[in-house]
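The primary structure of each chain is shown beneath.
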Number of protein chains: 2
Amino acid sequence: MKKTKRLSRKRRGLGETGVLERIEEIAPRIEIPSSGVRLGIGDDAAVFRGTPSCDQILTCDWFLEGSHFLRDKHPADAVGWKCLARAVSDVAAMGGVPRCFLLSLALPATHTGVWLDQFLGGLRRAAKRFGCALAGGDTTRNENILINVTVVGETRTGRAILRCGARPGDALCVSGRLGEAELGLRLIRNSKHRPKRHDPRLRKHLYPEPRLALGRWLAEKRLPSAMMDLSDGLSTDLPRLCSLSGVGARIAAGKIPTVPIPKRGRSPDNDPLEMGIDGGDDYELLFTVPRKKWKHLPRSFHGLPITAIGEITEARALLLVEEAGRPRPLPNLGWDPFRKPL
Amino acid sequence: MKKTKRLSRKRRGLGETGVLERIEEIAPRIEIPSSGVRLGIGDDAAVFRGTPSCDQILTCDWFLEGSHFLRDKHPADAVGWKCLARAVSDVAAMGGVPRCFLLSLALPATHTGVWLDQFLGGLRRAAKRFGCALAGGDTTRNENILINVTVVGETRTGRAILRCGARPGDALCVSGRLGEAELGLRLIRNSKHRPKRHDPRLRKHLYPEPRLALGRWLAEKRLPSAMMDLSDGLSTDLPRLCSLSGVGARIAAGKIPTVPIPKRGRSPDNDPLEMGIDGGDDYELLFTVPRKKWKHLPRSFHGLPITAIGEITEARALLLVEEAGRPRPLPNLGWDPFRKPL
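Just so you know, these numbers come straight off a predicted model, no measurement behind them. (Residues numbered from 1 in each chain as written. Chains lettered and ligands numbered in written order. Predicted model: local features only at pLDDT ≥ 70, side-chain atom pairs only at ≥ 80, totals over all residues.)

**Remarks on the overall build of chain A**
Condition: The way it works is that DSSP assigns letters per residue, a run of H or I at least four long becomes a helix, a run of E at least two long becomes a strand, and they are numbered from the N terminus. The reference for a compact globule is 2.2 Å times residues^0.38; the radius of gyration itself is calculated from the C-alpha atoms. Field definition: a residue is buried when 20 or more other C-beta atoms are found within 10 Å of its C-beta, exposed when 12 or fewer are, and partly exposed for counts in between, with C-beta atoms placed from the backbone. Contact criterion: two residues are in contact if their C-beta atoms, reconstructed from the backbone, are within 7 Å.
Secondary structure summary: chain A contains 9 helices and 14 strands in total. The globule rule puts the C-alpha radius of gyration for 342 residues at 20 Å, and the 21 Å found for chain A is close to it. By the burial criterion, 54% of the 342 residues in chain A qualify as buried. A separation of at least 24 residues holds for 84% of the contacts in chain A among residues at least 6 apart in sequence.

Written out as structure tokens, the structure reads:
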């Protein structure tokens, strides 16, 4: 009986009002006290009241079928989680606290049933985890699944951490491990089957965790001179930070916290160093710390490793120093949608 | 020489960084004093400082090739104007002032040259006209042109005008003329040629004007009990306002300010009343005014007509009263992307 109902709903598809109603159903379940949302879904726009003595952080992120996820390989629940996690990660990268988000969703009529339910389930879990309330959005029909998420966060006035403050001599640090999400992506891409949602090797690719607590703590302690999140890979993101700061960097290859893969399991397709340098989607924090503040930086934060992987230099080149070799230039080989689709 | 350069750029296409750089080039040219934007494009997120004693209005809008515009029929410049105008119209509908916006743009590599330039030209003109600064966004590659715009606006604390305040006896009013944008769309759809940008019959479809000044004035005078913008057509939008207010409405067909079409030029394809009732994209304001405030409502505002087209009723039906006939139910036949693509 239930199955028939679901199938028939799936075939019929919901109108725009129906899709909106389904989203409205989940909205109250992800209300967050003190999110600042005074008026949510249903009107022309949402109304948000910012915290006095705070700046608002504004960010938006595409999450598109074919570019960022594959309809037949990525579980709808993970799509819902990740579309919000990626945008929230930009707030973490400024040292901010997420408050609310807008969801723009374009769906084929065939995906307004079970797929939408599972998508909203993942989204709701993420919203609760990150403390980010659903304030509004826009829905429409499209042959491909299109998602765009706007997140509003806050930092204390004038205290957002920018990309432009790195200075020569600063330590270059990262949180967590790099390349783990890329490994998960490769496993999914090379598998003929739909992945198992709970496979631990896929966790970081399917359900990334924006480093909110660490970002906020670093900002409160005013440790970083510059910070950003690693979304497109170290070799693509580091040049952005260096360019805005007018500096270069020198990275010790041996210090990069890569994914442990036993030697006999390695192949050109899963080289830990290459994945750590060029793999995207890790959503770890990349930040620089002035020399005089090094002593205040812990080795880990609530179990999350913090690793100094190199140093900011005056010379504007980006160099990778391998254990047994001379420094070599670090080519920008991370994710660029205009060059390398998924 | 110039032509060759353009062509070669068009063929080669820009990488993501190149597209971002082109957008960054125009950003400073649409800086708006007092927009509240403290940090614009280039970092993980934008930083916005709200005006004290104001609420923030948050809204986002899809603008998709195939659903909302046609790549070969709509000039890139009009696409740039309209994607912002539509989202800003939601701020007008709350009685707010737009402050800044985020642009999410997904383009085929073939459209990162001339098309992008013209698109950004239209966007820049709109941003200046509406006083809305470009604060940030996201770009990616896609086979179809995808646009999503988030606008942040402001109203005085607690003074946003909502859809839910209409009460029986209130006058139901609209600004401007209804159906004009629909007429323009039909002319474009039925023509084999690319439309002439400056054809006055297409102006409202290509370059809609959100009713910012009127919305703000109405909010300042606290005249409307409820307000929204007409984006999907009167017959689709009015039920939304009535449903949230828990009321019905009775409209006098003869009062609806339609597009003047000489009788001999009329056809079933351009019936003014049908276009005025079901046509979308007008971005006029629909609002209700309590009886005791009627006398404060002018017949026009800076040349823009204001027309009372009916009355709010306790009975929750929506009725259309034609000159020589009995009231008949008003079916919801406006734009629903899940039913009727462009």
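**Side note on unusual backbone geometry**
Its identity as a non-glycine residue notwithstanding, A:Ser53 has a phi of 60 degrees, on the positive side. Structurally, A:Ser53 is set in the loop between strand 2 (46-48) and strand 3 (54-64). In the Ramachandran plot, B:His302 falls in the positive-phi region, its phi being about 45 degrees despite a non-glycine side chain. With respect to the helices, strands and loops of the structure, B:His302 is situated in the loop between strand 11 (300-301) and strand 12 (304-313).

**Quick word on the interface of chain B and chain A**
Put simply, the rule reads: Classification used: nonpolar for Ala, Val, Leu, Ile, Met, Phe, Trp, Tyr, Cys and Pro, charged for Asp, Glu, Lys and Arg, polar for all others including Gly.
Counting residues at the interface gives 56 residues for chain B, matched by 56 residues for chain A. Here the side of chain B that touches chain A takes 9 residues from strand 3 (residues 54-64) of chain B, the largest share from any one element. Per-class residue counts for the side of chain B that touches chain A are 28 nonpolar, 14 polar and 14 charged.

**Points about the relation of the copies chain B and chain A**
Quick reminder of the rule: Least squares is the method used to superpose the copies, on C-alpha atoms of residues holding a pLDDT of at least 70 in both.
Note on the copies: chain B fits chain A at an RMSD of 0.0 Å, the axial shift is 0.0 Å, and the rotation between them is 180 degrees. The operation mapping one copy onto its partner corresponds to a two-fold rotation axis. Residue by residue, 100% of the interface of chain B is reproduced at the interface of chain A, so both copies engage with the same surface.

**Some words on helix 8 (residues 234-245) of chain A**
All names here are of chain A. Just so we agree on the cut-off: Helix span, expected: 1.5 Å multiplied by one less than the number of residues in the helix.
Taking 1.5 Å as the rise per residue, helix 8 with 12 residues should run 16 Å; its terminal C-alpha atoms sit 16 Å apart, in good agreement. For helix 8, the set of buried residues is Leu 234, Ser 235, Thr 236, Asp 237, Leu 238, Leu 241, Cys 242 and Ser 245. Of the surrounding elements, those touching the buried residues of helix 8 are strand 8 (226-230), strand 9 (248-252), helix 9 (272-278), strand 10 (284-289) and strand 13 (318-321). Phi for Gly 246, located one or two positions after helix 8, is positive at around 70 degrees.

**Things to note about the environment of A:Ala219**
All names here are of chain A. Secondary-structure assignment places Ala 219 in helix 7 (residues 212-221). Sequence separation between Ala 219 and Gly 95 is 124 residues; the distance between their C-alpha atoms is 5.0 Å. Not counting the four nearest positions on each side in its chain, Ala 219 is found in contact with Gly 95, Thr 155, Arg 159 and Ile 161.

**Looking at the sheet that holds strand 6 (residues 146-156) of chain A**
Defined as follows: For two strands to be treated as a pair, DSSP must find at least two bridges joining them. With axes taken as lines fitted to C-alpha atoms, and helix axes fitted only over the stretch in contact, angles between N-to-C directions fall between 0 and 180 degrees.
Strand order in the open sheet made by the 6 strands is 5(A)-4(A)-6(A)-3(A)-2(B)-1(B), with mixed pairing throughout. Both edges of this open sheet fall to strand 5 (133-141) of chain A together with strand 1 (37-39) of chain B, since each of them pairs with a single strand only. Strand after strand, the sheet turns through a mean of 25 degrees between neighbouring axes, direction not considered. In the packing of helix 3 (residues 76-92) of chain A onto the sheet, contacts are made with strand 3, strand 4 (97-107) and strand 6 of chain A, and the angle to strand 3 of chain A comes to roughly 145 degrees.

**With respect to the domain arrangement of chain A**
Residue and element names in this part refer to chain A. What counts here: All domain edges in this entry derive from an automatic or database-based domain assignment.
Taken as a whole, chain A is organised into domain 1 (2-156) and domain 2 (171-329). Placing the centre of domain 1 and that of domain 2 at their C-alpha centroids yields a distance of 27 Å. Counting from both sides, the interface comprises 18 residues of domain 1 and, opposite them, 20 residues of domain 2. The element contributing the most residues to the side of domain 1 that touches domain 2 is helix 3, with 10 residues. Residues that form the side of domain 1 that touches domain 2 fall into these classes: 9 nonpolar, 3 polar and 6 charged.

**What about the nonpolar core?**
How we decide: A set of buried Ala, Val, Leu, Ile, Met, Phe, Trp, Tyr and Cys residues, joined through C-beta atoms within 7 Å, is what we mean by a nonpolar core.
If you look at the biggest cluster of nonpolar residues, it comprises 192 residues, and the most contacted ones within it are A:Leu84, A:Phe101, B:Leu84 and B:Phe101. Among the elements that line this core, the one with the most residues is helix 3 (residues 76-93) of chain B, at 12 residues. A:Leu84 has contacts with A:Phe101, A:Leu123, A:Ala126, A:Ala127, A:Phe130, A:Cys132 and A:Val149, leaving out every residue within four places of it along the chain.

**Focus on the pairing of strand 13 of chain A**
All names here are of chain A. Only one face of strand 13 is buried: it carries Leu 318 and Leu 320, and the other face, with Leu 319 and Val 321, is open. Pairing geometry for strand 9 and strand 13, over 4 bridges, is parallel. Among the inter-strand pairings, Ala 249 is bridged to a residue of strand 13, identified as Leu 318. Sheet topology note: the strand 13/strand 14 (residues 328-329) ladder contains 2 bridges and is antiparallel. Its bridge partner lying in strand 14, Leu 320 is registered against Arg 328. Hairpin connection from strand 13 to strand 14: 6 residues lie between these consecutive antiparallel strands.

**Some words on helix 5 (residues 180-190) of chain B**
Residues of helix 5 of chain B that are buried include every one of B:Glu180, B:Ala181, B:Glu182, B:Leu183, B:Gly184, B:Leu185 and B:Ile188, and no others. Buried-residue contacts for helix 5 of chain B involve helix 6 (203-206) and helix 9 (272-278) of chain B.

**Points about the sheet that holds strand 1 (residues 37-39) of chain A**
Taken together, the 6 strands give an open sheet; going across it, the order is 1(A)-2(A)-3(B)-6(B)-4(B)-5(B), and neighbouring strands pair in mixed fashion. With partners counted over all chains shown, the strands left at the sheet margins are strand 1 of chain A together with strand 5 (133-141) of chain B, one partner each. On average, adjacent strands in this sheet sit at an angle of 25 degrees to one another, irrespective of strand direction. Of the strand pairs in this sheet, strand 4 (residues 97-107) of chain B and strand 5 of chain B are connected by 8 bridges, and their pairing is parallel. Note on strand 5 of chain B: the bridge partner recorded for B:Leu102 is B:Gly136. Along the sheet face, helix 3 of chain B touches strand 3, strand 4 and strand 6 (146-156) of chain B and points at about 145 degrees away from the line of strand 3 of chain B.

**Section: the environment of A:Arg216**
All names here are of chain A. With respect to the element layout, Arg 216 can be found in helix 7. With 122 residues separating them in the primary sequence, Arg 216 and Met 94 have C-alpha atoms 8.3 Å apart. When residues no more than four places from it in sequence are discounted, the contact partners of Arg 216 are Gly 95 and Val 97.

**A few points about the packing of helix 3 of chain B against helix 4 (residues 114-130) of chain B**
All names here are of chain B. Here is the rule we go by: Helix crossings are classified by the rotation of the near helix relative to the far one: an anticlockwise turn of less than a right angle makes the crossing left-handed, while a clockwise turn makes it right-handed.
Two elements in contact, helix 3 and helix 4, have axes whose closest approach is 6 Å; the angle formed by their N-to-C orientations is 35 degrees. Of the two elements, helix 3 crosses helix 4, and the hand of that crossing is right-handed. Between helix 3 and helix 4, the contacting residues are Ala 76, Asp 77, Ala 78, Val 79, Gly 80, Trp 81, Leu 84, Ala 85 and Val 88 on the first element and Trp 115, Gln 118, Phe 119, Leu 120, Gly 121, Gly 122, Leu 123, Arg 125, Ala 126, Ala 127 and Phe 130 on the second. When the residues that make up the contact of helix 3 with helix 4 are grouped by side-chain class, the tally is 14 nonpolar, 4 polar and 2 charged.

**Details of the environment of A:Gly176**
Residue and element names in this part refer to chain A. Along the chain, Gly 176 falls in the loop between strand 7 (171-175) and helix 5 (180-190). The spatial distance from the C-alpha of Gly 176 to the C-alpha of Thr 307 is 7.9 Å, given a sequence separation of 131 residues. Apart from residues no more than four positions distant in its own chain, Gly 176 is found in contact with Asp 282, Glu 284, Leu 304 and Pro 305.

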